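One letter stands for each residue in the lines below.
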Amino acid sequence: AQKVTQAQTEISVVEKEDVTLDCVYETRDTTYYLFWYKQPPSGELVFLIRRNSFDEQNEISGRYSWNFQKSTSSFNFTITASQVVDSAVYFCALSEAFGETSGSRLTFGEGTQLTVNP
Amino acid sequence: EAQVTQNPRYLITVTGKKLTVTCSQNMNHEYMSWYRQDPGLGLRQIYYSMNVEVTDKGDVPEGYKVSRKEKRNFPLILESPSPNQTSLYFCASSFRGGRYNEQFFGPGTRLTVL
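My aim in this report is to walk through the structure given alongside it, one point at a time. Since the structure is predicted, the reported quantities are computational estimates derived from the model, not experimental observations. (Residues numbered from 1 in each chain as written. Chains lettered and ligands numbered in written order. Predicted model: local features only at pLDDT ≥ 70, side-chain atom pairs only at ≥ 80, totals over all residues. Heavy atoms only, no water.)

## Notes on the pattern of salt bridges
Okay, step 1: Applying the stated criterion across every chain, the model contains 9 salt bridges over all chains.
Okay, step 2: For A:Glu59, the salt bridge goes to A:Arg51, with nearest N and O atoms at 2.8 Å.
Okay, step 3: Exposure remark for A:Arg51: the relative accessible area of 7% places this residue in the buried category.
Okay, step 4: The closest approach of N and O atoms between B:Asp38 and B:Arg44, which form a salt bridge, is 2.8 Å.
Okay, step 5: Among the residues examined, B:Asp38 registers a relative accessible area of 11% and is labelled buried.
Okay, step 6: Using a relative accessible area of 24% as the deciding quantity, one classes B:Arg44 as partly exposed.
Okay, step 7: Overlapping salt bridges bring together A:Arg51, A:Asp55 and A:Glu59 as one network. (Salt bridge = Lys/Arg side-chain N within 4 Å of Asp/Glu carboxyl O. Buried < 20%, exposed > 50% of the residue type's maximum accessible area, 1.4 Å probe, protein only.)

Given below as structure tokens:
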């Protein structure tokens, strides 16, 4: 069975601070995909990134960066120089890569509410 | 424009009054799913469908029904809604064998059962 844990329920920072959102996962699959989604106050889910389990390179996109460590089953998300518009709920998710039902579901973490104060 | 649509976006109803939330996608995706989102629990899959007339239970199917008579549509049916089904619901679709298993989400339906 797959499981994703986001232990930080809520994080509050002041604008321009760096903040890291933690994600730890469990899976028996050797190949899988990891995702991060953002849910702003308007409620829709915004796709941020996906990562293959066989690609452990870290990724940077503007102020966002992701640290994937297979050895610790973690896929952490860092926002550098946070802004008020980053305030949202962030979800980490996991998907199996192969198999008859691969692609039919995502296993989500509990979500982390990030509040960036001016 | 490629998209997943859900209707209604907001719904307030009373216990026991049957309702249907529609979901439609225009991307010819084989897979479709329903999730519910609750505080502290993240999103949990209710039902999924791998193709027309093929559906299966997800993690929290109790109290829900689905059908997949056409490839593009995957309605969620609550035959006798109860207050514990008050939640934010998302429909999603994806290609079978799609690159990275990317799922496309609808905008969400906020349901309140009084």
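Past the structure itself, the notes keep going.
## Some points on the nonpolar core
Okay, step 1: Core analysis: the biggest nonpolar cluster contains 23 residues, and A:Trp36, A:Phe75, A:Phe77, A:Tyr90 and A:Leu114 have the highest contact counts within it.
Okay, step 2: Mapped by element, the contributors of at least two residues to this core are β2 (10-14), β3 (19-21), β5 (32-39), β8 (64-69), β9 (74-79), β10 (88-96) and β12 (112-117) of chain A.
Okay, step 3: The greatest single-element share of this core, amounting to 4 residues, is contributed by β10(A).
Okay, step 4: Formed by 19 residues, the second largest nonpolar core is a distinct cluster that contains B:Met27, B:Met32, B:Trp34 and B:Val113. (Core = buried A, V, L, I, M, F, W, Y, C linked by side-chain atoms within 4.5 Å. Helix = DSSP H or I, 4+ residues; strand = E, 2+ residues; numbered from the N terminus.)

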